[in-house]
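Fold and geometry: a report
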2 protein chains.
Amino acid sequence: MSQIPHTSAERPVPTSADVARLAGVSRATVSYVLNGTSAVRISEATRIRVREAADELGYIPHAAARSLRSGSSRMVLLPASPVPVGPLYSRFFNEFQWALRRFDYTVVQYGSLGLSPDEAARAWAELRPVAVVGLGGPQLTAAGIQLLRRSGVKAVITLGPEPVAGAHALAMDHRQVGLCAGAHLLERGRRRIGVVVPREPGLEMFSQPRLAGVRAAVEGSGATVEPLALSYDEESAAALAERWPALGLDAVFAYNDEYAMLLMRALQDRGIDIPGECAVMGADDLLLGRLLRPRLSTVQLDMATGQQLAELVERVVRDPGGEPERHDMMAARAIPRESTQPGRRAPAHT
Amino acid sequence: MSQIPHTSAERPVPTSADVARLAGVSRATVSYVLNGTSAVRISEATRIRVREAADELGYIPHAAARSLRSGSSRMVLLPASPVPVGPLYSRFFNEFQWALRRFDYTVVQYGSLGLSPDEAARAWAELRPVAVVGLGGPQLTAAGIQLLRRSGVKAVITLGPEPVAGAHALAMDHRQVGLCAGAHLLERGRRRIGVVVPREPGLEMFSQPRLAGVRAAVEGSGATVEPLALSYDEESAAALAERWPALGLDAVFAYNDEYAMLLMRALQDRGIDIPGECAVMGADDLLLGRLLRPRLSTVQLDMATGQQLAELVERVVRDPGGEPERHDMMAARAIPRESTQPGRRAPAHT
DNA sequence: TTGAAAGCGATACCAA
DNA sequence: TTGGTATCGCTTTCAA
């Protein structure tokens with residue numbers, strides 16, 4: 001009864017039936033025109049009428065209805081990372097999404113913070129994506145992968161360092177990072193190497209392989225490796241610096257450039273000379289490493305390109321039957337700078 | 001004909017009809033049991049039979065079918081940011097998603113890199129989300145918002161500094177940041193203030209209001225404000241430092257802590273004393289600012305909590321008719337450290 | 001307490 | 001060249 005002025009907010013959302021009615025054709029014809037179905041020939045006049053009707057109504061197809069009917073969603077689901085990703089990952093993800101869109105996929109990130117792996121997998125499966133691409137480890141377990149496959153997901157691809165049963169893997173082997181760092185420090189004559197392992201949850205997936213890499217690098221050299229837990233705050237760094245003399249280390253690989261900066265500052269504040277008394281090495285080659293004094297030696301990563309990964313997705317979706325493939329797609333190399341230089345004191349500040 | 005051994009990969013995805021068949025009941029009963037419909041009483045025996053059948057088949061409901069039938073998706077869509085977000089935003093987003101899930105929403109991020117605003121809005125609308133929450137500005141335009149509303153989106157909420165027509169706004173007014181910084185620098189006796197404006201695209205939305213805030217702060221004080229374009233790389237910073245003497249500035253507000261670190265290093269390398277000759281101020285209160293020498297003064301932001309935003313979403317979805325609300329939800333305050341201290345030289349390095 | 005059946009929106013086969 | 005219609009998986013009203 002009461003006429004609501006609501007700026008027409010109550011107007012129902014137009015469907016293809018509305019378009020058909022306005023254009024004076026059937027819904028089938030609307031579908032043909034709007035999807036450019038080549039198997040059927042429609043007169044130019046009708047095409048135009050349909051298009052105009054769709055425009056006038058502001059018609060937008062309903063993805064759920066379409067995928068229900070067609071049986072496939074062309075949706076690629078990426079479990080969103082709960083930890084802030086660095087510029088490296090960010091660039092990779094952007095590339096990846098862009099490449100997937102060229103293959104006509106819809107890319108969607110689904111955050112599952114606070115969900116158990118099983119709950120998360122269930123939630124993802126409800127969306128019936130055609131592919132799931134995520135970090136392995138706690139996020140994407142073997143059980144979760146099985147569940148996804150049962151609910152019609154054609155391609156499950158993990159990016160983690162460890163391949164997971166049942167999924168294709170784009171193995172970004174972070175041991176390479178540790179190997180590089182370890183080899184570089186050995187070469188510089190360091191013998192007692194500390195390795196920072198962040199206390200922050202969710203990072204074990206990267207930190208453990210990096211630690212293992214350092215261990216592998218020093219294997220048989222007589223050098224020793226000492227894991228050092230560190231939280232990303234000043235107190236933790238200060239406490240570690242306090243213990244430093246007792247540890248008797250002459251080098252430290254600090255997980256990444258940010259932890260390296262944190263620890264290096266704490267060590268310098270305790271009067272420990274870098275690199276004279278202790279070499280410090282980071283990873284990820286962030287800009288900040290070049291801004292520090294001494295300049296921070298680091299490990300640079302070449303990650304897989306998003307394009308490559310998108311091609312893998314497309315291939316696996318097309319042929320879901322194949323055996324899980326495993327691709328190694330990470331190269332690492334040491335970038336020596338001042339913080340690991342042998343036999344000299346840090347340059348004085350200007 | 002040909003029996004395919006494919007590890008049962010070809011097995012069709014179970015539907016509620018399969019569950020019904022296995023449990024020996026109708027699909028209606030399955031729906032009642034699995035959704036815990038309270039209006040209908042089902043005997044305990046059947047409930048158990050249905051649950052067991054569902055478990056055995058690994059049945060997972062089809063979200064698209066459900067939302068098609070029910071007419072609403074309970075999906076909240078967040079346009080994903082193409083630029084890597086800092087720890088501040090990351091924490092906020094996590095909180096927000098968590099809170100939304102408590103309201104039984106499904107949160108999905110949709111990246112639209114390389115899509116025009118109109119194309120992006122169309123792509124979002126196809127998913128028929130119940131709400132869209134995004135940064136305003138180039139991402140979410142007035143036209144896009146209208147399109148979304150027409151396709152049934154109940155709540156469109158922008159987070160940007162500027163409210164956009166037709167959307168509710170949780171205005172995070174970044175002018176506050178500039179105001180704080182400007183006021184702090186004035187109070188410290190600085191008169192010629194440079195303001196770094198990042199050249200990186202996508203940041204104007206924040207950098208322009210921050211600049212405007214500084215301008216507002218110095219209004220009438222006789223102090224001057226000089227915008228300084230800067231890219232996030234060493235060359236750009238070195239070039240700016242080169243021009244520094246000619247600029248004759250005695251303070252600079254560097255957009256955020258990272259740009260501040262970049263510029264401060266370049267200035268120090270040119271032999272310019274911080275804060276003696278020039279005060280440097282950052283924003284976002286990152287850990288790295290405390291690790292620099294001199295320690296970096298900064299502006300700390302209190303962003304809206306995710307809980308608050310989730311409540312706004314829920315409220316607007318429940319009552320979509322209301323006038324667009326505008327909430328101001330950002331407070332900022334200066335955190336003075338060494339890099340803006342008056343009348344003294346930087347402390348010597350140990 | 002349970003089942004039959006309508007229908008959400010879009011697509012594609014078969015007829016006309 | 002175009003239209004009628006069955007169908008995808010699920011919810012929900014109405015009957016039994």
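Residues numbered from 1 in each chain as written. Chains lettered and ligands numbered in written order. Predicted model: local features only at pLDDT ≥ 70, side-chain atom pairs only at ≥ 80, totals over all residues. Heavy atoms only, no water.

**Considerations on the packing of helix H6 (residues 117-126) of chain A against helix H7 (residues 142-150) of chain A**
Residues and elements named next belong to chain A. Look at H6 against H7: their axes get within 9 Å of each other, and the N-to-C directions meet at 20°. In this view, H6 runs roughly parallel relative to H7, as classed from their interaxial angle. Crossing of H6 against H7: the hand is right-handed. Where H6 abuts H7, its residues Asp-118, Ala-121, Arg-122, Trp-124 and Ala-125 lie against Ala-143, Gly-144, Leu-147 and Leu-148. (Axes fitted to C-alpha atoms, helices over the stretch in contact; angles between N-to-C directions. Helix = DSSP H or I, 4+ residues; strand = E, 2+ residues; numbered from the N terminus. Parallel < 35°, antiparallel > 145°, perpendicular 65-115°, else oblique. Left-handed = near helix turned anticlockwise from the far one by under 90°. Contact = heavy atoms within 4.5 Å.)

**Topic: the interface of chain A and chain B**
Each partner contributes residues to the interface: chain A has 60 residues there, and chain B has 60 residues. Carbon and sulfur atoms supply 58% of the area buried between chain A and chain B, which totals about 5,500 Å² over both sides. Counting the contacts that link chain A with chain B gives four salt bridges. With a shortest N-O distance of 2.8 Å, Asp269(A) and Arg293(B) are connected by a salt bridge. Counting across the chain A and chain B interface gives 17 residue pairs in polar contact (both at pLDDT 80 or more). Counting only elements with at least two residues in the side of chain A that touches chain B, the list comes to helix H4 (63-70), helix H5 (87-102), strand S2 (106-111), H6, H7, helix H11 (257-269) and helix H12 (287-291) of chain A. Here the residues of the side of chain A that touches chain B sort into 31 nonpolar, 17 polar and 12 charged. Across three bridges, the pairing between S2(A) and strand S2 (residues 106-111) of chain B is antiparallel. (Buried area = accessible area lost by both parts, 1.4 Å probe. Salt bridge = Lys/Arg side-chain N within 4 Å of Asp/Glu carboxyl O. Polar contact = N/O pair within 3.5 Å; in protein donor to acceptor, adjacent residues only side chain to side chain. Nonpolar A, V, L, I, M, F, W, Y, C, P; charged D, E, K, R; others polar. Pairing = 2+ DSSP bridges.)

**Remarks on the protein's contact with DNA strand C**
By nearness alone, 27 residues border DNA strand C, and Ser16(A), Arg27(A), Tyr32(A), Arg41(B) and Arg69(B) come closest of all. Residue Ser16(A) places a main-chain N or O atom 2.6 Å away from a phosphate oxygen belonging to DNA strand C. Taking Thr29(B), its side chain carries an N or O atom lying 2.9 Å from a phosphate oxygen of DNA strand C. Taken together, the elements giving at least two residues each to the surface near DNA strand C come down to helix H2 (27-35) and H4 of chain A together with helix H2 (27-35) and helix H4 (63-70) of chain B. Counting residues per element, the surface near DNA strand C draws most heavily on H2(A), which supplies five residues. For the surface near DNA strand C, the class distribution of residues is 12 nonpolar, 10 polar and five charged. (Near = heavy atom within 4 Å.)

**Comments concerning helix H10 (residues 234-247) of chain B**
Residues and elements named next belong to chain B. Relative to the 20 Å expected for 14 residues at 1.5 Å per residue, H10 spans 19 Å between its end C-alpha atoms, a close match to the ideal helical length. A maximum bend of about 25° is found in H10 at Ala-241, where proline Pro-245 lies one to four positions downstream. The complete set of buried residues in H10 reads Ser-236, Ala-237, Leu-240, Ala-241, Trp-244 and Leu-247. One side-chain oxygen at the N-terminal end of H10 lies 3.3 Å from the backbone nitrogen of Glu-235; it belongs to Asp-233. (Expected span 1.5 Å × (residues − 1). Bend = angle between axes of the 7 residues up to and from the residue. Buried < 20%, exposed > 50% of the residue type's maximum accessible area, 1.4 Å probe, protein only.)

**A look at the sheet that holds strand S8 (residues 251-253) of chain A**
Pairing between sheet strands relies on hydrogen bonds along the backbone, with the strands arranged either parallel or antiparallel. Residues and elements named next belong to chain A. Here we have four strands laid out as an open sheet, ordered S7-S6-S8-S9, and parallel in their pairing. Of all strands in the sheet, those bounded by a partner on one side alone are strand S7 (224-230) and strand S9 (279-281). Here the strands of the sheet are splayed against their neighbours by 20° on average, with no regard to which way each runs. Together, strand S6 (192-198), S7 and S8 form the strand contacts of helix H10 (residues 234-247), whose direction differs from that of S7 by roughly 155°.

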